[in-house]
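Single-letter residue listing:
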Amino acid sequence: MKAARQLARWLDELGRISDERGRLTRTFLSPAMGRANALVSRWMREAGLAVRFDAVGNVIGRLDGPDARSKTLLLGSHLDTVRNAGKFDGPLGVLLPVVALAELRRRGVALPFAVEVIGFSEEEGVRFASAYLGSKGYAGLLTTADLNLRDAGGVSVGEAISHGSRGTATAAKLREAARPPRSRDLIGYVEVHIEQGPVLEQAKLAVGVVSAIAGQSRFRLTWSGMAGHAGTTPMNLRRDALAGAAEFVSGVEALARRTPGLVATVGLIEVSGGAANVIPGEVTHTLDVRHARDAVRRDALMRMGRLATRIARNRGLERHWLRTQDNAAVACAPALTAQLARSVEAVQGSCLSLVSGAGHDGVVLSALAPVAMLFVRCRDGLSHHPAEHASPADCDVALRVMVDFIARMAQQHGR
Ligand code: HGY
Ligand code: MN
Ligand code: MN
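Not measured: the values here are computed from a predicted model.

Novice: Is there a simple way to think about the packing of helix H1 (residues 2-14) against helix H3 (residues 91-106) in this case?
Specialist: Relative placement of two packed helices is described by the angle separating their axes and the distance separating the axes. Where H1 meets H3, the axes come as close as 10 Å, and the angle between the chain directions of the two elements is 145°. For the crossing formed where H1 meets H3, the hand is right-handed. Only Pro91, Leu92, Leu95, Leu96, Val98, Val99 and Glu103 of H3 make contact with H1, whose side of the interface consists of Ala3, Gln6, Leu7, Trp10, Leu11 and Leu14.

Novice: I keep staring at the packing of aromatic side chains and nothing clicks. Help me out?
Specialist: Note on aromatic pairs: each is described by the distance of the centres and the angle between the planes. Per the stated rule, a full pass over the model turns up 7 aromatic pairs. The interplanar angle of 85° and the centroid separation of 5.1 Å between the aromatic rings of phenylalanine 219 and tryptophan 321 together place this pair among those described as edge-to-face. Within this pair, whereas phenylalanine 219 is found in strand S7 (residues 215-224), its partner tryptophan 321 is found in strand S13 (residues 318-327), the two being separated by 102 residues in sequence. Note on tryptophan 321: relative accessible area 21%, which makes it partly exposed. Plain terms: the ring middles of phenylalanine 248 and tryptophan 321 are 6.0 Å apart, the flat faces sit at 85° to each other, and that makes the pair edge-to-face. Of this pair, phenylalanine 248 sits in helix H9 (residues 241-257) while tryptophan 321 sits in strand S13, placing them 73 residues apart in sequence. Among the aromatic residues, those joined into a ring-pair cluster are Phe219, Trp223, Phe248 and Trp321.

Novice: For this particular structure, what's the right way to read unusual backbone geometry?
Specialist: As a rule of thumb, non-glycine residues mostly have phi less than zero, and peptide bonds are mostly trans rather than cis. Despite not being glycine, tyrosine 132 has its phi angle at roughly 70°, a positive value. Here tyrosine 132 is to be found in the loop between strand S4 (114-120) and helix H4 (133-139). Take tyrosine 132: its relative accessible area is 1%, and that puts it in the buried class. Phi angles above zero are rare outside glycine, and aspartate 380 is one such case at about 60°. By secondary structure assignment, the location of aspartate 380 is in the loop between strand S16 (371-376) and helix H13 (392-414).

So, how was this worked out
- Sequence order as written defines residue numbering, which begins from 1 separately in each chain.
- Chains and ligands are labelled sequentially in the order written, the chains with letters from A and the ligands with numbers from 1.
- Thresholds applied to this predicted model are a pLDDT of at least 70 for local features of residues and 80 or more for the giving and counting of side-chain atom pairs; totals over whole chains, interfaces and linings are not thresholded and use all residues.
- Here the side-chain values reflect all heavy atoms present in the structure, with hydrogen atoms and water set aside.
- Angles here are taken between N-to-C directions and fall from 0 to 180 degrees, while the axes themselves are lines fitted to C-alpha atoms, restricted in helices to the stretch in contact.
- The way it works is that DSSP assigns letters per residue, a run of H or I at least four long becomes a helix, a run of E at least two long becomes a strand, and they are numbered from the N terminus.
- Left-handed is the label given to a crossing in which the near helix is rotated counterclockwise from the far helix by less than a right angle, and right-handed is the label when the rotation is clockwise.
- Contact criterion: two residues are considered in contact whenever any of their non-hydrogen atoms come within 4.5 Å of each other.
- Classification of ring pairs rests on two measures: the distance between centres of Phe, Tyr or Trp rings, Trp counted by its six-membered ring, which must be within 6.5 Å, and the angle between planes, read as stacked under 30 degrees, edge-to-face over 60 and tilted in between.
- Here's how the labels work: a residue is buried when its accessible area is under 20% of the maximum for its type, exposed when over 50%, partly exposed in between, all with a 1.4 Å probe on protein chains only.

Quick look at the structure:
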């Protein structure tokens, strides 16, 4: 399909817009995010969408419906990335719907509803350690706690959003500004995303649908002990914050290994004022814990809390937990997912349903509308890595599924 080749070209071009030389990194409201938004908004306009940007940096392309009473179908994903990312995680789900809408327009398919394609400004939670700030902003769900989170430079979310304008953004002002479509006016939110796991590849399928998105908790943990001289302080007199954190990290890994379906990750660790010849006095690290069932995740978090208390007591350390994110597992909407599955079967012949271990903006949008997700096979299940890859053939299947899905929705809503 010619459209699939255009999608591949767009993904390549967008994948070269980065805040860092030699690798792909785009974080919340960064200069590269501004350049990415400018490029995507040009492509949206070329496809006939009216473009707007909201207060938290989301880029929204809208195709109006036949009249003011028309319902709206939401499509989209995120344009921010992790550090040293691949070019598919997020952008595939923003660009593919734009290409699909252009294809439907080329075929002369009139839509009896409006469509909004959204490029969310922040989903990964890299800059502020808390995910979904973009979709929360779009849905008017940002809280004061969200706005008070600070990045490594001490800048709060509220200050970052207000950058340059008068006064710091408040939750109330942002809620007022967001004015998301009312739930009763929404058909649903459908997101296309690479699977970021091995299931579709093992099943030898290009695409599948998602049954649920795993629940996810994120924390910042700080361990405080006593810095000291590495050469003169006997081992039994130390309160080594890094040794305590390391014991905790090993304990968390062991707990996750023996709990089926639980994943726990410490992705970032920093020693305050670290030096080779200084006993670490203070260490801060992240903790990311997920499971498809909330009860299992909560039980694991309780055990991890008890482990941290024991380690702190045995080593004479202080510890401080800051929860930066907590999302319950979200079930995708059965009816909307069944409609998406029908298009998968029409294009691919069969349809597999799988749980998403990765978080997605659908977690937030589920507060507004029914949510469905289309997963696309990715090589070796690899993601959050520059070698992340979805083949042009698989992207072509996903594109044809999206075109078929929107065309069927048009028939259904056109009656
Ligand atoms: O971390 C995640 O699950 C997603 O990639 N934001
Ligand atoms: Mn993603
Ligand atoms: Mn991601």
